[in-house]
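# Breakdown of the fold
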Amino acid sequence: MDCIFCKIISGEKKGRKIYEDELVYAFEDINPQAPVHILLVPKKHIPTLLDLKEKDKELMGHLYMIANRLAKERGVADRGFRTLINCNPESGQTVYHIHLHLLGGRMMHWPPG
Ligand code: 5GP
Ligand code: ZN
């Protein structure tokens, strides 16, 4: 499968790994939009949020638990941080392997652009 995030997870493509367990892989975004910009991806290839199945509920909860942990480790938990998942073209999704953005280390704006 020609998926850039699957290649990063398998080691075929280089990524700056931050965390890995049996379900999740986290790495630095190549084009960071904040001082902290981490991508958390399920190792399982799921293209978009809309492709989630009932059986993926635990996996997605786990993804958020790891996001909490990494936010604390990076020192942005108390200051505040943002997590988001883009879904389909109008959201700005460009990589079709579901990923949770963890952004922090600067003031965030609302509404987002
Ligand atoms: P999306 O727009 O799909 O929500 O987010 C895709 C993210 O993946 C973007 O923030 C982009 O900078 C990042 N990205 C795209 N290609 C690569 C890559 O090869 N390596 C890394 N580390 N990040 C990537
Ligand atoms: Zn993939």
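First, a word on what this report is: a plain description of the structure on this page. (Residues numbered from 1 in each chain as written. Chains lettered and ligands numbered in written order. Predicted model: local features only at pLDDT ≥ 70, side-chain atom pairs only at ≥ 80, totals over all residues. Heavy atoms only, no water.)

### Describing the nonpolar core
We count it as follows: What is meant by a nonpolar core is a set of buried Ala, Val, Leu, Ile, Met, Phe, Trp, Tyr and Cys residues, joined one to another through side-chain atoms within 4.5 Å. Only protein chains enter the accessibility calculation, which uses a 1.4 Å probe. A residue is then buried if its area is under 20% of the maximum for its type, exposed if over 50%, and partly exposed in between. Where helices and strands are cited, they refer to DSSP runs of H or I of at least four residues and of E of at least two residues respectively, numbered from the N terminus. Contacts are residue-level and defined by heavy atoms, with any inter-residue pair within 4.5 Å sufficient.
Ranked by internal contacts, the top residues of the largest apolar core, which has 19 residues, are I38, L40 and L70. Within the residue set of this core, elements represented by two or more residues are β2 (24–28), β3 (36–42), α2 (57–73) and β5 (100–104). The biggest single contributor to this core is α2, with seven residues. If sequence neighbours within four positions are ignored, L40 has contacts with Y25, A26, L63, I66, A67, L70, I98, H99, L100 and L102. Grouped together as the second largest cluster of nonpolar side chains are ten residues, C3, I8, Y25 and V41 included.

### A few points about the packing of aromatic side chains
As a reminder of what qualifies: Aromatic contacts are taken between Phe, Tyr and Trp rings whose centres are within 6.5 Å, Trp giving its six-membered ring; a plane angle under 30 degrees counts as stacked, one over 60 as edge-to-face, and the others as tilted.
If you walk through the whole model with that rule in mind, you get two aromatic pairs. Measuring from ring centre to ring centre gives 5.3 Å for F5 and F27, while their planes differ by 75 degrees; the resulting arrangement is edge-to-face. Residue F5 is located in helix α1 (residues 4–10), and its partner F27 is located in strand β2; the two are separated by 22 residues in the primary sequence. Take F5: its relative accessible area is 7%, and that puts it in the buried class. Arranged with centres 6.0 Å apart and planes meeting at 55 degrees, the rings of Y25 and F27 form a pair that is tilted. A residue is classified by how much of its surface remains accessible, and Y25, at 7% relative accessible area, is buried. By way of ring pairs, the aromatic residues F5, Y25 and F27 are connected into one cluster.

### Observations regarding the environment of T94
Here T94 is to be found in the loop between β4 (81–84) and β5. Along the sequence, T94 and K14 sit 80 residues apart, while their C-alpha atoms lie 19 Å from each other.

### What to know about the sheet that holds strand β1 (residues 17–20)
Working definition: the strands of a sheet are paired by backbone hydrogen bonds and lie parallel or antiparallel to each other. Inclusion rule: Strand pairing is defined by DSSP finding a minimum of two bridges between the two strands. Note on definitions: angles span 0 to 180 degrees between N-to-C directions of axes, and those axes are lines fitted to C-alpha atoms, for helices only across the stretch in contact.
If you trace the five strands from one edge of the open sheet to the other, you get β1-β2-β3-β5-β4, paired in antiparallel fashion. Across the chains shown, the open sheet's two edge strands, defined by having one partner strand only, are β1 and β4. Neighbouring strand axes in the sheet, compared pairwise and without regard to direction, differ in orientation by 15 degrees on average. Taken strand by strand, α2 contacts β1, β2, β3, β4 and β5, and its axis lies near 155 degrees from that of β3.

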